[in-house]
Amino acid sequence: MTSLLSISQGGAIALGVILGVVILLELCYIVYLFYLRATGRKHFSFRRDRQTQTVAQGETQTDDGFALTTESLGDTKALGKGVMKERNIETVKKVQKVVKIVVKVLIYIFLIVVAISVLFPFYWMIISSLKSYDEYALEGEFASRVTPTFFPQTILWSNYADAFKTANLGTLFVNTVFVGIVSTILSLVITVLAAFAFARMQFRGKNALFAALLATMMIPGELFTITNYGTVTNFFGWANTYTALIVPFLVSVFYIYLLRQNFLQIPDELYYAAKVDGTSDLKYLWKVMIPLALPTIISITILKMMGSWNSYIWPRLVANDSLHQLITNGLRDTDFFVHLPDGSVDQDKINYPVQMAAVTLVSIPLFLVFIFLRKYIMKGVSRSGLKG
Amino acid sequence: MKKFIAVILAVLLVVSALFVFAACTKKRKADFVIPEGGYDGSAVTITFMSSMGQSYGNILDEFLAKFKEMYPNITVDHQRGGDYDSNRDVIKTQLGNNQAPNLAFCYSDHVALYNRSKAVVVLDSLIDSDIEVTRADGTTERLGLTDEQKADFIQTYYNEGRSFGDDKMYMIPFAKSTELMYYNKTSFDSWQLPVPDHWFASDDKEGLETSDHTSMEYALAFIKDKDPKSTPLGVDSGANWLITLFEQFETGYTKATAPHYLFDNEENYNILTTLRRWYQNNWFTTRQLLSGTYTSSYFTSASSDQGKKSYISIGSSAGAAKQVPAASANFDVGVSLIPQKAANTPISESKVISQGPSVCLFNSDNPQEVVASWLLAKYLITNAEFEARYGLEAGYLPVIQSVQQLSGYKDKLDTADTKDNMAGMAAKLCLEYKDALFVSPAFYGSSEARDQMDALLNSCVTVKGNSADEIRQGIIEKFKDALAKCEY
Amino acid sequence: MVDGKKQWKAWLYLLPVIILTLVFTVWPIINTVRIAFLDDYTLMDDVGGMEFSVGVHNFEKVVNNPEFLTCLKNTLLLTVITVPISTFLALLIAVCLNSIKALNRLLQTIYFLPYVTNTIAIGIVFSTMFSMVGTGFGGENPYISTAGIINNIIGIFGIEPVNWVNTGSTYWANMFVMIVYIVWNALPFKILILLGGLQSVNKQYYDAAKVDGTGRVRTFFRITVPMLSPMLAYVVITGFIGGFKEYSSVVGVFTEDMGPPDKQGALNTMVGFINHNLMSGSPREGIASAGAILLFIIIFAVTMLNMYVSKKRVHY
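Bear in mind that the values here come from a model prediction, so they are computed numbers and not experimental data.

**Some details on the overall build of chain C**
So, step 1. The helix and strand inventory of chain C stands at 13 helices and two strands.
So, step 2. Oriented by its inertia axes, the alpha-carbon framework of chain C measures out at about 75 × 75 × 30 Å.
So, step 3. Looking at chain C as a whole, 56% of its 316 residues qualify as buried.
So, step 4. A fraction of 69% describes how many contacts in chain C between residues 6 or more apart in sequence connect residues 24 or more apart.

Dropping the structure here:
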């Protein structure tokens with residue numbers, strides 16, 4: 001009992017903080033959603049009282065109320081109505097046009113500013129990857145500079161060659177692509193079957209099973225590592241095989257969820273019609289559902305590939321021999337050291353530009369895949385609708 | 001609601017399963033006993049996890065090939081791991097599942113961790129074994145170490161393997177490094193400033209007022225006065241600095257048996273109070289305080305007007321080459337022992353920390369693997385040629401003294417100077433200072449203590465306060481924090 | 001209506017998922033719970049043959065640990081601050097993006113780029129952008145030789161250089177950098193979902209609103225937001241879950257010290273706490289497991305509340 005007591009003493013603050021903040025959070029969230037749902041009726045109604053009702057148009061009369069406040073946001077119609085009586089239509093049209101243009105310009109400025117701030121780190125990464133170590137670290141001949149250079153003074157393409165050579169990227173690429181493709185294909189089969197069962201079939205315990213699967217998404221994955229390592233190496237004996245890299249990550253609840261949502265939107269009638277025709281479930285799945293859900297399936301494929309591109313801790317544990325090493329491991333285990341004047345390497349000085357070059361090299365395939373398949377990813381997410 | 005019930009049921013299931021599995025424990029391998037006859041020539045594959053990068057790893061592979069000629073049935077799987085810490089995590093996870101490499105690079109902290117699993121092979125019986133093992137060409141070698149081989153080791157390095165509080169040998173040194181003081185000889189000469197040989201002024205006066213001109217206190221104040229925009233002293237490892245100071249002044253750091261942590265005391269508050277004053281005067285900086293910039297880059301820098309200039313640099317002997325000044329900064333470098341407790345401390349009473357990888361063996365179900373691993377470790381470590389090549393390439397110091405007689409290495413020592421052959425210079429000095437070396441105790445938690453020393457130095461020197469009392473309180477608080485984090 | 005054959009088939013389709021989940025998810029969870037209730041459990045001691053008694057010692061140690069409270073505070077603050085900011089910004093960007101034609105595809109592509117990057121690698125880029133170079137930080141007279149790119153940019157607007165991430169930087173300066181980075185990192189996913197949602201809103205609603213002469217802002221709150229509410233709820237819920245698992249972004253900016261050099265651990269998070277106890281030189285798996293269970297309980301409670309609220313409030 002003493003131990004429980006001391007929990008209540010020492011942990012009272014902790015639990016109090018947790019509960020307090022959680023409740024506070026929820027309150028904020030409820031208020032926020034209320035605000036969204038309430039359509040701003042209350043918000044605008046107090047303004048309406050102050051204005052004379054000039055136009056009686058049923059529900060839309062409140063437009064007058066916030067016409068002025070929303071000028072800058074481009075509520076040109078409302079603006080027009082509010083001042084219509086005093087000015088001629090020509091002027092109104094002109095004002096409308098000007099406001100419209102101003103709003104467009106503002107939107108573009110905003111979007112471009114955001115785009116620049118999104119791109120800046122990438123820009124920084126790329127120019128850093130082309131600098132010499134001294135220029136990057138402002139040492140040596142650059143030691144007297146106060147600001148870092150925005151463009152490399154001498155472009156060192158050799159950093160990329162160094163990165164490729166030092167890290168043995170070729171083998172790593174091949175390994176990663178192989179693991180990525182195999183695990184994506186297997187994972188898709190499993191995901192499609194499960195999503196189909198959850199979306200179309202009736203069985204006892206369906207909802208409970210689905211909820212339980214969703215709940216596993218909330219568990220921090222770090223702790224799985226130790227136990228899974230034992231399972232994979234001791235129980236299955238898969239150390240240093242591709243299998244160990246592939247099998248433990250075949251199930252992704254998130255993808256099942258995504259695809260199930262997508263399947264749910266395909267009308268039941270199609271299914272029943274197919275049943276009447278005597279089409280088997282699998283055939284229906286293959287002929288009807290998969291083509292309809294293709295964008296989602298493609299986006300799952302891309303996400304899965306990205307995952308194998310970025311995984312680190314697990315491959316490091318189960319398959320760290322040179323035959324099976326994956327790209328992120330290869331990169332981190334490779335030391336991009338600065339070469340000293342006497343030809344030896346400086347074990348303590350990491351050559352960041354070469355490291356940046358390696359990171360850039362690794363990211364490029366992902367960027368390319370993403371840029372070419374952006375359309376599908378977009379469709380996949382919008383089609384699945386994410387409605388529960 | 002159904003979902004809620006399902007989830008609650010699942011949780012209940014998990015909790016009840018707990019009591020089922022609470023009983024299951026892992027079975028442990030039997031303690032290692034040398035098989036009769038030592039290595040019987042059977043075919044075994046042993047895994048060796050090193051922390052070597054590509055270039056040094058290639059040297060190792062070359063010698064592994066030679067080893068293979070001697071013992072064709074022993075296949076070595078050389079795994080180039082990542083850095084020391086990630087190797088430690090991998091080995092720990094493997095040990096947790098009754099798997100491990102056969103031999104691995106390690107620090108004493110790591111062995112303290114592995115030892116909990118009782119999987120590290122105690123080397124004493126192997127070292128003392130007088131079994132003769134037959135090689136492929138028919139010649140034999142003694143399984144254990146001969147007396148000459150034992151005497152060949154630099155004793156501090158060798159004894160580190162025994163520093164775990166139970167007088168058993170768990171690891172054997174592989175390559176070592178220590179800390180050295182590099183100074184700007186050109187400037188020191190032109191200022192006629194004596195090279196500091198101890199830290200604090202013996203007359204307790206501050207800065208230029210002290211008459212103790214061979215103290216670091218005076219040197220730093222003097223340099224700051226001559227070049228106000230400089231940061232006179234750069235220290236690459238704050239943790240090493242503090243641990244060395246605590247050892248030199250015998251004020252207590254840690255010990256191998258409980259209670260482990262001794263650093264929270266008045267004398268150490270005093271040391272940190274002085275260091276804080278130095279830092280607030282901009283007299284020194286460390287790599288950690290600079291968020292990772294190596295202080296050697298300040299030492300070797302040509303410019304003196306950007307605050308990025310130091311005249312004294314305390315850094316690893318393994319990094320000697322990076323203390324060579326930039327081509328544009330034309331000055332001579334002097335190298336000496338780091339400052340000590342008091343002026344003119346003899347070498348035998350001096351203290352300087354020793355670091356670097358050792359090798360440990362892990363138990364295996366097949367005792368032949370263990371014996372084969374030992375043969376490999378012994379081959380590499382007692383091989384002067386390998387130690388010399390590796391030492392020269394990686395900047396580490398060989399652990400055996402016979403390396404000095406080797407022609408290639410001897411040349412390096414003979415031509416040692418502070419410009420073209422800084423590595424040779426460092427190696428030469430380290431041999432001179434070998435009686436000053438010490439290692440910090442290793443136990444479960446010693447690596448945390450080490451991490452906390454960095455954090456402690458950084459947080460103490462930046463303590464804010466209006467009065468001496470307030471500052472002292474702040475420093476005491478930081479000590480308590482560090483202690484709490486260690487003991488937790 | 002539920003016939004036996006179908007039941008059997010459904011389970012067959014689910015078999016791979018069930019088996020894999022049992023082996024690689026459920027069993028580790030059970031093991032984690034077991035470890036959490038074994039007093040002072042460490043893996044090495046276990047292998048070494050030590051016996052552990054069953055109890056709540058680990059939980060006691062976790063909740064009594066001031067470090068854990070710091071982690072909890074940081075995690076909650078980061079989540080509470082970044083989720084609303086990133087959701088709002090993403091909504092704004094998605095709506096703006098949906099209203100323009102020129103440059104639309106280019107901008108979309110740009111906004112999604114952070115989605116395909118490595119958190120730690122870009123974190124390093126952020127940290128160099130914010131960091132200053134010089135000596136004596138945290139002392140009375142720091143010597144700044146390079147103020148860093150961000151300080152140079154804000155210097156154009158006449159703002160004094162701020163010590164963002166170096167020695168001597170303040171907690172809120174650190175937090176600011178983390179918030180910027182986390183929002184930057186979280187935007188692409190949210191924009192993706194919200195833009196997808198916007199594009200699937202039936203155009204007829206907007207046409208009807210136009211005919212009625214409904215203003216844009218009103219259309220936004222009356223039509224867009226309710227139609228988007230499932231996606232909004234989704235990004236908020238996943239945002240909360242992700243926020244509670246925040247870790248690698250802090251490592252990217254501050255390394256595994258999880259804070260500036262003089263205040264190590266000041267920005268540690270819950271997952272950081274778990275990882276440190278799992279992967280340090282003297283690991284304590286029992287405490288890590290107890291921490292993970294507490295984290296799970298918190299995430300679970302918040303998610304359940306979120307779902308409960310969105311059930312009531314979200315328009316379908």
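There is more to say, and it comes next.
**Comments concerning helix α5 (residues 104-112) of chain C**
So, step 1. When α5 of chain C is considered as a whole, its buried residues turn out to be L107, Q108, Y111 and F112 of chain C. Angular distribution of buried residues about the axis of α5 of chain C spans 130°; they occupy a single face of the element.

**Topic: the domain arrangement of chain B**
Residue and element names in this part refer to chain B.
So, step 1. Domain boundaries assigned for chain B yield domain 1 (44-176 + 356-405) and domain 2 (179-354 + 435-487).
So, step 2. With 17 residues of domain 1 in contact, the opposing surface of domain 2 contributes 16 residues.
So, step 3. When residues of the side of domain 1 that touches domain 2 are traced back to their parent elements, those giving at least two are α4 (108-115) and α7 (155-160).
So, step 4. With five residues, α4 is the largest single contributor of residues to the side of domain 1 that touches domain 2.
So, step 5. In the side of domain 1 that touches domain 2, the residues fall into eight nonpolar, five polar and four charged.

**Structural notes on the interface of chain C and chain B**
So, step 1. Listed by partner, the interface residues are 39 residues for chain C and 43 residues for chain B.
So, step 2. With five residues, the single largest contributor to the side of chain C that touches chain B is helix α2 (residues 43-47) of chain C.
So, step 3. Its residues assigned to classes, the side of chain C that touches chain B shows 13 nonpolar, 19 polar and seven charged.

**As for the environment of F32 of chain B**
All names here are of chain B.
So, step 1. Residue position: F32 is located in the loop between α1 (2-21) and β1 (44-50).
So, step 2. Judged by C-beta crowding, with 21 C-beta atoms within 10 Å, F32 ranks as buried.
So, step 3. Taking the C-alpha atoms as reference points, F32 and L431, separated by 399 residues in sequence, lie 36 Å from one another.
So, step 4. Discounting chain neighbours no more than four positions away, the residues touching F32 are V121, N363, P367 and V370.

**Details of the confidence of the model for chain C**
So, step 1. Per-residue pLDDT for chain C has a mean of 85; in total, 97% of the residues score no lower than 70.
So, step 2. Scoring of the predicted complex yields 0.81 for pTM and 0.82 for ipTM.

**Let's talk about the sheet that holds strand β6 (residues 172-173) of chain B**
Residues and elements named next belong to chain B.
So, step 1. Judged by pairing direction, the sheet is mixed, and its five strands sit side by side in the order β2-β1-β3-β13-β6 without closing on themselves. Bordering the open sheet on either side are β2 (74-80) and β6, each of which pairs with just one other strand.
So, step 2. In this sheet, β2 lies alongside β1 in parallel orientation, the contact comprising seven bridges. Bridge assignment links S50 to a residue of β2, and that residue is R80.

**Here's the deal with the pairing of strand β10 (residues 312-316) of chain B**
Walk down a regular strand and you will see the side chains alternate between the two sheet faces.
Residue and element names in this part refer to chain B.
So, step 1. A large share of β10 lies buried, amounting to five of its five residues.
So, step 2. The pairing of strand β7 (residues 177-184) with β10 spans five bridges and is antiparallel. Note on β10: the bridge partner recorded for M181 is I314.
So, step 3. Sheet topology note: the strand β8 (residues 233-235)/β10 ladder contains three bridges and is parallel. Paired with V235 across the bridge in β10 is I314.

Rules and cut-offs
- Along every chain, residues carry numbers that run from 1 in the direction the sequence is written.
- Here every chain gets a letter starting at A, and every ligand a number starting at 1, in the order they are written.
- Local features are withheld for residues below a pLDDT of 70 in this predicted model, meaning they are given only at 70 or higher, and side-chain atom pairs are given and counted only at 80 or more; totals for whole chains, interfaces and linings count all residues.
- Every helix listed is a DSSP run of H or I at least four residues long, and every strand listed is a run of E at least two residues long, numbered separately from the N terminus.
- Think of it as a crowd count around each C-beta: if 20 or more other C-beta atoms lie within 10 Å the residue is buried, if 12 or fewer it is exposed, and in between it is partly exposed, with C-beta placed from the backbone throughout.
- Once C-beta atoms have been placed from the backbone, residue pairs whose C-beta atoms lie within 7 Å are recorded as contacts.
- What the arc measures is the spread of directions leading from the helix axis to the C-beta atoms.
- The domain boundaries here were taken from an automatic or database domain assignment.
- Gly is put with the polar residues, along with every residue not named as nonpolar or charged; the nonpolar set is Ala, Val, Leu, Ile, Met, Phe, Trp, Tyr, Cys and Pro, and the charged set is Asp, Glu, Lys and Arg.
- Looking at any residue, its pLDDT shows the predictor's confidence there, from 0 to 100.
- At least two bridges found by DSSP between two strands are what make those strands a pair.

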